[in-house]
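Listed below are the residues making up each chain.
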Amino acid sequence: SAVISQKPSRDICQRGTSLTIQCQVDSQVTMMFWYRQQPGQSLTLIATANQGSEATYESGFVIDKFPISRPNLTFSTLTVSNMSPEDSSIYLCSDLTTSGRKGNEQFFGPGTRLTVL
Amino acid sequence: AQTVTQSQPEMSVQEAETVTLSCTYDTSESDYYLFWYKQPPSRQMILVIRQEAYKQQNATENRFSVNFQKAAKSFSLKISDSQLGDAAMYFCAYRRGYGGSQGNLIFGKGTKLSVKP
């Protein structure tokens, strides 16, 4: 399985600022996703990070608030812009490979715990 | 739209005993995947087991097994010989059977499992 790392692991930010979260996978993967997990809740998909093109956002999430980049097959960033306390969540990066022995298994990074004051 | 329902917010099991976590889902697709993920307090999402909808045989991984009832759209997880390290949130998840923009996971709300020594 691919090993996924995220930076930072946690951060405390002030209202109105922005934070960029990095996701690095140690092998080329077919798809990368960003999820949000609000306190005590399940995971909700923010967007699919597309390599070399604009991300595909889910209903309720917009590019101006959550700009995403994916310059290559192993790296993606998620920015949480103009933060408010409601953005306090765990943000998780995930990958999907559709081939090989581990094809169709989806793995997650360790998450970034964001607290907005 | 696909939905995943976990009707047990919390479950408890005695160490070395067996526990079953329930999951039902709703879909009109015939080709899909089902997963159980474990999330301990460290918040790392760990893939426990995977089931392909086209396979009639129930998946097993060591002490973990599933009871997949396709007609009933039921996908329960059985943990045998429960260990203290099994204590965690368990999420049931669904994914369509092909990639593209629908490669993301849809999660249930989770079941918090406690293991008593």
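Above this text you will find the structure in question.
All of the points below concern the structure found in this document. On a predicted model such as this, the values are computed, not experimentally measured, just so you know. Numbering of residues starts from 1 in each chain and follows the order in which that chain's sequence is written. Each chain takes a letter, starting from A, and each ligand takes a number, starting from 1, following the order in which they are written. Two thresholds apply to this predicted model, a pLDDT of at least 70 for residue-level local features and 80 or more for giving and counting side-chain atom pairs, whereas whole-chain, interface and lining totals are computed over all residues. Computation of side-chain values covers all heavy atoms of the structure but excludes hydrogens and water.

A few points about the sheet that holds strand β1 (residues 4-7) of chain A
Residues and elements named next belong to chain A. Condition: A pair of strands is labelled paired if DSSP reports no fewer than 2 bridges between them. Secondary structure elements follow DSSP: runs of H or I no shorter than four residues count as helices, runs of E no shorter than two count as strands, and numbering proceeds from the N terminus. Orientation is described by lines fitted to C-alpha atoms, with helices fitted over the stretch in contact, and by angles between N-to-C directions that extend from 0 to 180 degrees.
The 4 strands are arranged β1-β3-β8-β7 in an open sheet whose pairing can be described as antiparallel. Looking at strand neighbours, the two that pair on one side only are β1 and β7 (68-72), the edges of this open sheet. Ignoring strand direction, the axes of neighbouring strands in this sheet form an average angle of 15°. Bridge count for β1 against strand β3 (residues 19-25) is 4 bridges, and the pairing is antiparallel. Bridging across to β3, S5 finds its partner in Q24.

Some points on the packing of aromatic side chains
To keep things clear, this is the line we draw: Pairs were defined over the aromatic rings of Phe, Tyr and Trp, the Trp ring being its six-membered one, requiring ring centres within 6.5 Å. Orientation was assigned from the angle between planes: stacked under 30 degrees, edge-to-face over 60, tilted for the rest. Per-residue accessibility, obtained with a 1.4 Å probe over protein chains only, is compared with the maximum for each type, and a residue is labelled buried under 20%, exposed over 50%, and partly exposed between these values.
With the rule as written, the count across this model stands at 16 aromatic pairs over all chains. Plain terms: the ring middles of Y33(B) and F35(B) are 6.4 Å apart, the flat faces sit at 25° to each other, and that makes the pair stacked. On the numbers, 6.2 Å between centres and 25° between planes, the contact of W36(B) with F75(B) is stacked. With W36(B) in strand β5 (residues 32-39) and F75(B) in strand β9 (residues 74-79), the pair connects residues that are 39 residues apart, well separated along the chain. Here W36(B) matches F75(B) in class, with each residue buried. Grouping aromatic residues by their ring pairs yields a cluster made of F33(A), Y35(A), F108(A), Y33(B), F35(B), Y37(B), F91(B) and F107(B).

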